[in-house]
Amino acid sequence: MEMTLQLTIDCSDPRRLVAFWSEALGYIPEPPPGGHTTWREYWAAMGVPEEELPAGTGDTPESIVDPAGQGPRVWFQQVPEPKAAKNRIHLDLKVGGGRDVPLAVRTQRVTATVERLVEAGARVLRVMDEPDMGHYAVLMQDPEGNEFDVV
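What should I look at first to understand the side chain of Asn-87 in this one?
On the secondary structure map, Asn-87 appears in the loop between strand S4 (73-78) and strand S5 (91-93). Side-chain polar atoms of Asn-87 contact the backbone oxygen of Ile-89, separated by 3.5 Å. If we skip the residues at most four places from it in the chain, Asn-87 touches Asn-146 and Glu-147.

Below, the structure is given as structure tokens:
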């Protein structure tokens, strides 16, 4: 039996996180299937009751996909409650190239990505700069406070 992986992120504003994480991961908003113009139209055609589709739901994509088809689909599930605590799971955006790449080069790559993501709405929480260990990473938060690392 084939298995696929979907990452689901609870949030209050799926459109905002679709835009942010598309930029962060190089993904694209997932187009609705089967020639439908919106996800809402697709869900209605599947028989999802109107009362389960609040105003605005599915009018724009609420998921993103890897255009190369290799990474997991990411769905931003709208929930009523705000984020209340530290994530128990987080993403590592590995942009540095690994320990075979000189620390100065990895630091430069991480810094460039961090600057791009701050411009897109992220916030830096902590820089983990440990040259004696050959490590450089930055702990960040997305626009809704979900933690992730750029390494």
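Where do I start with the layout of surface pockets in this structure?
Rolled over the atoms, a probe sized like a water molecule indicates the empty space that remains. Looking at the largest pocket, its volume works out to about 490 Å³. Lining the largest pocket we find 24 residues, and of these Ile-9, Asp-10, Lys-83, Asn-87 and Asn-146 sit closest to its centre. At the level of elements, strand S1 (6-11) and strand S8 (147-150) are the ones that each hand at least two residues to the lining of the largest pocket. Broken down by element, the lining of the largest pocket gets its largest block of residues, five residues, from S1. Residues belonging to the lining of the largest pocket are distributed by class as follows: 11 nonpolar, five polar and eight charged.

What exactly am I supposed to notice about the sheet that holds S5 here?
Sheets are built from strands paired through backbone hydrogen bonds, the pairs being either parallel or antiparallel. Taken together, the four strands give an open sheet; going across it, the order is S5-S8-S7-S6, and neighbouring strands pair in mixed fashion. Both edges of this open sheet fall to S5 and strand S6 (123-130), since each of them pairs with a single strand only. Going from strand to strand, the sheet's axes swing by 20° on average, the running direction of each strand aside. Sheet analysis places S6 next to strand S7 (residues 135-141), joined by seven bridges and oriented antiparallel. By the bridge assignment for S7, Asp-129 is matched with Tyr-136.

Could you clarify how one ought to interpret the pairing of S7 in this entry?
A regular strand places its side chains so that they alternate between the two faces of the sheet. Counting buried residues along S7, six of its seven residues qualify, which places the element largely inside the surrounding structure. A loop of four residues connects S6 with S7, the two strands running antiparallel in sequence, and Gly-134 in this loop sits at a positive phi of about 70°. Count of turn residues in the S7/S8 antiparallel hairpin: five residues, of which Gly-145 carries a positive phi of about 95°.

Criteria and cut-off values
Residues numbered from 1 in each chain as written. Predicted model: local features only at pLDDT ≥ 70, side-chain atom pairs only at ≥ 80, totals over all residues. Heavy atoms only, no water. Helix = DSSP H or I, 4+ residues; strand = E, 2+ residues; numbered from the N terminus. Polar contact = N/O pair within 3.5 Å; in protein donor to acceptor, adjacent residues only side chain to side chain. Contact = heavy atoms within 4.5 Å. 1 Å grid on protein atoms, 1.4 Å probe; cavity = no way out; pocket = protein on both sides within 12 Å on 5 of 7 lines; lining within 4 Å. Points joined across faces, edges and corners; volume = space filled by probe spheres on them. Nonpolar A, V, L, I, M, F, W, Y, C, P; charged D, E, K, R; others polar. Pairing = 2+ DSSP bridges. Axes fitted to C-alpha atoms, helices over the stretch in contact; angles between N-to-C directions. Buried < 20%, exposed > 50% of the residue type's maximum accessible area, 1.4 Å probe, protein only.

Any functional reading would require information beyond the geometric quantities listed.
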